[in-house]
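Topology and contacts: notes
Take a look at the letters that make up each chain.
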Amino acid sequence: MPFCNIIEPIFERSFISDSYACRKGKGTHAAVNRLKTLIQHYPYSIKIDIRKYFQSIRQDLLFSILSRKIGDQSILWLIRHILRSYREPHPIDDRGNYLLNFDGPLGIPIGNLTSQFFANVYLNPFDHFVKETLGVKAYLRYVDDMLVLHHSKQRLYEIKNEISDYLLNQNHLSIHENCAHVVPVRDGIDFLGYRVFPSHVLVRNGNGHRFLKRFKKLRVQYREKQIALFDVTQSVVSWIGHVSHADSWGLRTSLFENAKIVKKGDISGKSSSCDSGRFLEQQSRKLPIGEPEQQDPR
């Protein structure tokens, strides 16, 4: 998006290296690769996320953070216009009392590219607090998903409390306290769709089942001539691109070894075999069929 292309370079130099959302050369796979390195050096971890993050962002604080680095008034005017076009209702308790001591506009739209960038910028001062004030060496963040690794279980709980206090006092944000537990890394860390262990990486439970359900639906749509083979291939390649970052060879071969892509009206024989064979041949170049990829030696 042109707007993000203009303002992103302004903030890129101020981001910590282990912030992975909405940045060139970063993303979920880079974050998981970084975790694969860190997990070799620390025995414990804690994962922290924020309650209703996008809905709880204070627009005045966000604009203040943005305006410190953006001097162009036309860009600031556009940012004001974007923010004022959206407003979340203030959260209330069971008695109808406001949960925040703040009555200004809250929230940014979920899923919008501009909002994703804004959400990353909003926690940039917090990242520096974690790295520089708390002195945390092993810290990763992707939007509002945070992960801290350490040698001490007690220190991780202290860090969690310090993070919670900062977010509440500085940003009026609250974390999911009941979900933030210290766990041994040997048990695996759920992070960004993967379960990362010191020796290997798996896709999260249910990922294969969800894809198989989608794959069956695509095959039905292709059989009924509602979609082209290209549409099936695109969906498969996208999924493979995700799971190939994990040790998923067995999962992929089990899903594709008996795959048949047949159009309605075809009979078992030359026509269906051609379609299925061509489909699997195309996918073999994308890693589901063929030799297993080399395991990471780390």
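Higher on the page you've got the structure.
Read on for an overview of the structure. (Residues numbered from 1 in each chain as written. Predicted model: local features only at pLDDT ≥ 70, side-chain atom pairs only at ≥ 80, totals over all residues. Heavy atoms only, no water.)

1. Details of the packing of helix H9 (residues 207-223) against helix H10 (residues 229-243)
Close contact between H9 and H10 brings their axes to 9 Å; oriented N to C, the two are set at 170°. Accordingly, the angle class assigned to the pair H9 and H10 is roughly antiparallel. Residue-level inspection shows Asn-207, Gly-208, Phe-211, Arg-214, Phe-215, Leu-218 and Tyr-222 of H9 in contact with H10, the latter providing Leu-229, Val-232, Ser-235, Val-236, Trp-239, His-242 and Val-243. (Axes fitted to C-alpha atoms, helices over the stretch in contact; angles between N-to-C directions. Helix = DSSP H or I, 4+ residues; strand = E, 2+ residues; numbered from the N terminus. Parallel < 35°, antiparallel > 145°, perpendicular 65-115°, else oblique. Contact = heavy atoms within 4.5 Å.)

2. A word on the nonpolar core
One finds Tyr-53, Ile-79, Phe-118, Phe-126, Ile-163 and Leu-167 to be the most contacted residues of the largest nonpolar core, which totals 46 residues. Once residues lying within four places of it in the same chain are set aside, the contact partners of Ile-163 are Ile-48, Phe-126, Val-130, Leu-134 and Val-148. With 33 residues, the next largest nonpolar core counts Ile-39, Val-232, Ile-240 and Val-243 among its residues. (Core = buried A, V, L, I, M, F, W, Y, C linked by side-chain atoms within 4.5 Å. Buried < 20%, exposed > 50% of the residue type's maximum accessible area, 1.4 Å probe, protein only.)

3. Let's talk about the packing of helix H7 (residues 124-133) against helix H8 (residues 153-171)
The N-to-C vectors of H7 and H8 enclose an angle of 150°; their axes lie 11 Å apart at closest approach. The angle between H7 and H8 places the two elements in the roughly antiparallel class. The element H7 and its partner H8 pack so that their crossing is right-handed. Here Pro-125, Phe-126, Phe-129 and Val-130 of H7 lie close against H8, whose contacting residues are Glu-162, Ile-163, Tyr-166 and Leu-167. Classifying every residue of the contact of H7 with H8 gives seven nonpolar, no polar and one charged. (Left-handed = near helix turned anticlockwise from the far one by under 90°. Nonpolar A, V, L, I, M, F, W, Y, C, P; charged D, E, K, R; others polar.)

4. Quick notes on the side chain of Asn-171
In this fold, Asn-171 is placed in helix H8. Assessed through its relative accessible area of 6%, Asn-171 is described here as buried. Setting aside residues no more than four positions away along its own chain, Asn-171 makes contact with Leu-61, Tyr-122 and Tyr-166.

5. Quick notes on helix H11 (residues 249-256)
Regarding H11, the residues found buried are Arg-252, Thr-253, Leu-255 and Phe-256. With its buried residues spanning 165° around the axis, H11 presents them on a single face. (Arc of directions from axis to C-beta.)

6. As for the sheet that holds strand E4 (residues 182-184)
Strand pairing in a sheet relies on backbone hydrogen bonds, with the paired strands running either antiparallel or parallel. Strand order across the open sheet formed by four strands is E2-E3-E1-E4, with antiparallel pairing between neighbours. The sheet terminates laterally at strand E2 (138-142) and E4, the two strands that pair on one side only. Strand after strand, the sheet turns through a mean of 25° between neighbouring axes, direction not considered. In the sheet, strand E1 (residues 44-49) pairs with strand E3 (residues 145-150) via six bridges, with the strands oriented antiparallel. Counterpart to Lys-47 in the pairing with E3 is Leu-147. Lying on the sheet, H7 is in contact with E2 and E3; it crosses E2 at an angle near 170°. (Pairing = 2+ DSSP bridges.)

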